[in-house]
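# Structural description and commentary
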Amino acid sequence: MLILKVNKRSEIPLFKQVFERIKELIEQGVLKPGDKLPSSRDMAVHLGVHRSTVYKAYEELWAFGYIDSRPGSYSIVREREELATLEKRAQEGIIPWNEICTPLVDDMLKFIDEATKEKTTSPDTINLAMLDLDPRIFPVDDFRKCLNGVLVDDGARLLTYGDAQGYRPLREAIAKRLQIHSIEVAADEIMITNGAQHGLETILKLLIEPGNKVLIESPTYAIVIPLMQFYRSQLLPIPMREEGLDLAYLRKTLEKEKASFLYTMPNFHNPTGISTNQAHREELLALCEEHKLPIVEDAFEEEMKYFGKVPLPLKSMDKKQIVIYLGTFSKVLFPGIRVGWIAAEKECIKRLVAIRKVSDLSSNMPLQAALAEFCEKGHYELHVKRMHRIFRKRMQTALKAMKDYITVENVSWTEPTGGYLIWLHLKNCPLKEERVHDLLLKNGVLVVPGRFYFPTRPKDPYYRLSIASLDEDEIKTGVQRIAKTMEKIYK
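Residues numbered from 1 in each chain as written. Predicted model: local features only at pLDDT ≥ 70, side-chain atom pairs only at ≥ 80, totals over all residues. Heavy atoms only, no water.

### Thoughts on the packing of helix α6 (residues 140-158) against helix α13 (residues 365-376)
Between α6 and α13, whose axes approach to 8 Å, the crossing angle comes to 125°. As summarised for this structure, α6 and α13 are arranged oblique, according to the angle between their axes. In this structure, the crossing between α6 and α13 has a hand that is right-handed. Touching Asp142, Phe143, Cys146, Leu147, Val150, Leu151 and Leu158 of α6 are Met365, Pro366, Leu367, Ala369, Ala370, Leu371, Glu373 and Phe374, all from α13. Of the residues that constitute the contact of α6 with α13, the class distribution is 13 nonpolar, no polar and 2 charged. (Axes fitted to C-alpha atoms, helices over the stretch in contact; angles between N-to-C directions. Helix = DSSP H or I, 4+ residues; strand = E, 2+ residues; numbered from the N terminus. Parallel < 35°, antiparallel > 145°, perpendicular 65-115°, else oblique. Left-handed = near helix turned anticlockwise from the far one by under 90°. Contact = heavy atoms within 4.5 Å. Nonpolar A, V, L, I, M, F, W, Y, C, P; charged D, E, K, R; others polar.)

Okay, here's the thing in structure tokens:
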């Protein structure tokens, strides 16, 4: 008889004690492959426990591969493969991932590694690179109450798979909110996404086949470039001017090229911060209508209009239903909840929902319900107004500091009418972009090099500055450090 002992006063369950004792004997070689274990009845009598306790321990041993067990037969110790612990696992596996993955994945990996590689920074480095919102101004308590409330009232239903199109009350709240921006859409013309970027990828699945051409602004949102290339689309860059997308260049391109869609950011463009005027928007819309070209309007900062009236979105004038509108809560509320939306013609939404059902099924229902409640109770409107007050002061501080401290003639920048971004341009710079970036970091300020926002490297150095996570004192200090660096470069 196998001699074991168990402690009936221990907090460790009896079956677990039996399992651990037998497991140790097998791993120590006391019990060898082919050895028979006592029957569950005999072992139970020996230990003075219920037979079900031993039966459960034997089941656990079988599940972990220590024994073979068949009904009506003895349990037999088996030859078992060792577990892949950290100590016993090879540092590199036998699969050559660099060879079997598609080259486009490696290209994307290189881009992400370079764009996000960590720099050694001191604790007092001013981070003007991050477009993450300042967590110090998150309305956490109000949102927590809404989340607790919906879980108490409707938790069981919300924790099942939800509607792939999104939680209807939230779609209704978004449709109502969009009316502020003169966009008239119904809840059935909206699909909830896991942020605007997920929405854009779903649109790519809808419209792109390998080799298709896509019109993009140059510069544009950095992640868009590798994302579109991953879907094997050919990028047709249209230059950005001070007034926005170069419409004359776009017209000439459309006369020669057939594109699947145009991706544009009319408001608070990333990275430049530019917002186009009404005439520009009307001409752009008319041009795309003429060519029956879908427009993907990325309105990631639509809500951040804090310097007076900004022209209405393209979608507000979209009588012929060519605009697919991307919105998100990430750039005004919480990035972490990953909730965005697509507003488009119903036939388009129907197809996007079909794609959704075969990719990630649906979004997070409890968070959507909490967000709908947050909007319904008026918290969102109050938060937007607070954000306007805060960032009006922050952007005013940034622009005043730029004028006061950066006196080098060859350095210029955009003056946005809202949002979080300023685009810095260094003309006739004697140093390469990377060297300037390193000098800025050495002087205690982190920015994003402009090359990541262009399909091909620009002639001059550019840098994106973001005030999204900084207060007025931090912004002022950051600009002062930039100014000192510019003086050294151009002296």
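### What to know about unusual backbone geometry
A cis amide bond links Ser218 to the next residue, Pro219, at an omega of 10°. Residue placement: Pro219 occurs in the loop between β5 (213-218) and α9 (224-230). A cis geometry characterises the amide bond from Asn270 onward to Pro271, with omega recorded as 25°. For Pro271, the position within the fold is in the loop between β8 (261-264) and α11 (278-290). The phi dihedral of Ser182 falls on the positive side, at around 65°, and the residue is not glycine. Mapped onto the fold, Ser182 is located in the loop between α7 (168-178) and β4 (190-193). Residue Ser182 is classed as partly exposed on the basis of its relative accessible area of 33%. Positioned with a positive phi, Gln321 is a non-glycine residue whose angle comes to about 60°. (Buried < 20%, exposed > 50% of the residue type's maximum accessible area, 1.4 Å probe, protein only.)

### Side note on the packing of aromatic side chains
One pass over the full model with this rule turns up 14 aromatic pairs. Taken together, a centroid distance of 5.3 Å and an interplanar angle of 80° make the contact between Phe329 and Tyr380 edge-to-face. Placement of Phe329 in the loop between β10 (323-328) and β11 (340-343) and of Tyr380 in helix α14 (residues 379-405) is noted, with a sequence separation of 51 residues between them. An identical accessibility class is assigned to Phe329 and Tyr380; each is buried. With a centroid separation of 5.7 Å and an interplanar angle of 45°, the aromatic rings of Phe454 and Tyr462 are classed as tilted. For Phe454, a relative accessible area of 12% puts it in the buried group. Among the aromatic side chains, those forming a connected cluster through ring pairs are Phe138, Phe143, Phe334 and Phe374. For the cation-ring pair, Arg80 lies above Tyr66, with the distance from its terminal atom to the ring centre recorded as 4.1 Å. Of note, Arg394 hangs over the ring of Phe391, and the distance from its end group to the ring centre comes to 4.9 Å. (Phe/Tyr/Trp six-rings, centres within 6.5 Å; stacked < 30°, edge-to-face > 60°. Lys NZ or Arg CZ within 6 Å of the ring centre and 35° of its normal.)

### Digging into the pattern of salt bridges
Following the criterion strictly, the structure yields 33 salt bridges and no others. Residues Arg171 and Asp163 are paired through a salt bridge, measuring 3.3 Å at the closest nitrogen-oxygen approach. Overall, the relative accessible area of 2% leaves Arg171 in the buried class. Judged by its relative accessible area of 38%, Asp163 is partly exposed. One salt bridge connects Lys350 with Glu347, and the closest N-O pair in it is separated by 3.0 Å. Taken together, the residues Lys350 and Glu347, both in helix α12 (residues 346-357) and 3 residues apart, mark about one turn of the helix. One network of salt bridges, in which partners are shared, links Asp163, Arg168, Arg171, Glu172, Asp188 and Lys346. (Salt bridge = Lys/Arg side-chain N within 4 Å of Asp/Glu carboxyl O.)

### A closer look at the state of the cysteines
Scanning all chains against the criterion turns up 0 disulfides. Take Cys288: it sits in no disulfide, and the sulfur closest to it among the cysteines is that of Cys348, at 15 Å. (Disulfide = S-S within 2.5 Å.)

### Quick word on the side chain of Glu301
The residue Glu301 is located in the loop between β9 (295-298) and β10 in this model. For the buried Glu301, which has no salt bridge, the nearest side chain bearing the opposite charge is Lys331, at an N-O separation of 7.0 Å. In this view, Glu301 contacts Leu131, Phe268, Lys331, Gly419, Tyr420 and Leu421; residues no more than four positions away in its chain are not counted. (Lys, Arg positive; Asp, Glu negative; His and termini not counted.)

### Details of the environment of Leu287
The topology assignment puts Leu287 in helix α11. In the structure, Leu287 is positioned 200 residues away from Glu487 in sequence and 44 Å away in space, judged by C-alpha atoms. When near neighbours in sequence (up to four residues on either side) are disregarded, Leu287 contacts Leu247, Leu250, Arg251 and Leu254.

### Points about a nonpolar patch on the surface
Judged by side-chain polarity, Ile94, Ile95, Trp97 and Ile100 come together as a nonpolar surface patch covering roughly 500 Å² of accessible area. Among the structural elements, Ile95 can be located in the loop between β2 (76-77) and α4 (97-100). A relative accessible area of 40% means that Ile95 is categorised as partly exposed. (Patch = residues over 30% accessible without salt bridge, like charges linked within 9 Å, V, L, I, M, F, W, Y side chains within 5 Å. Areas by Shrake-Rupley, 256 points an atom, 1.4 Å probe, with all protein chains shown as cover.)

### Brief notes about the sheet that holds strand β15 (residues 448-449)
Pairing is antiparallel across the open sheet formed by 4 strands, whose spatial order is β12-β13-β16-β15. Bordering the open sheet on either side are β12 (411-413) and β15, each of which pairs with just one other strand. Looking at chain direction, strand β13 (residues 421-426) and strand β16 (residues 462-466) are connected through 5 bridges and run antiparallel. By the bridge assignment, Leu424 is partnered in β16 with Tyr463. Relative to the sheet, helix α15 (residues 433-442) contacts β13, β15 and β16, its axis offset from that of β16 by approximately 35°. (Pairing = 2+ DSSP bridges.)

### So, the environment of Tyr420
Here Tyr420 shows up in the loop between β12 and β13. As a C-alpha pair, Tyr420 and Leu133 span 287 residues in sequence and 9.4 Å in three-dimensional space. Engagement of the side chain of Tyr420 in a polar contact is seen with the backbone oxygen of Lys331, the distance being 2.3 Å. (Polar contact = N/O pair within 3.5 Å; in protein donor to acceptor, adjacent residues only side chain to side chain.)

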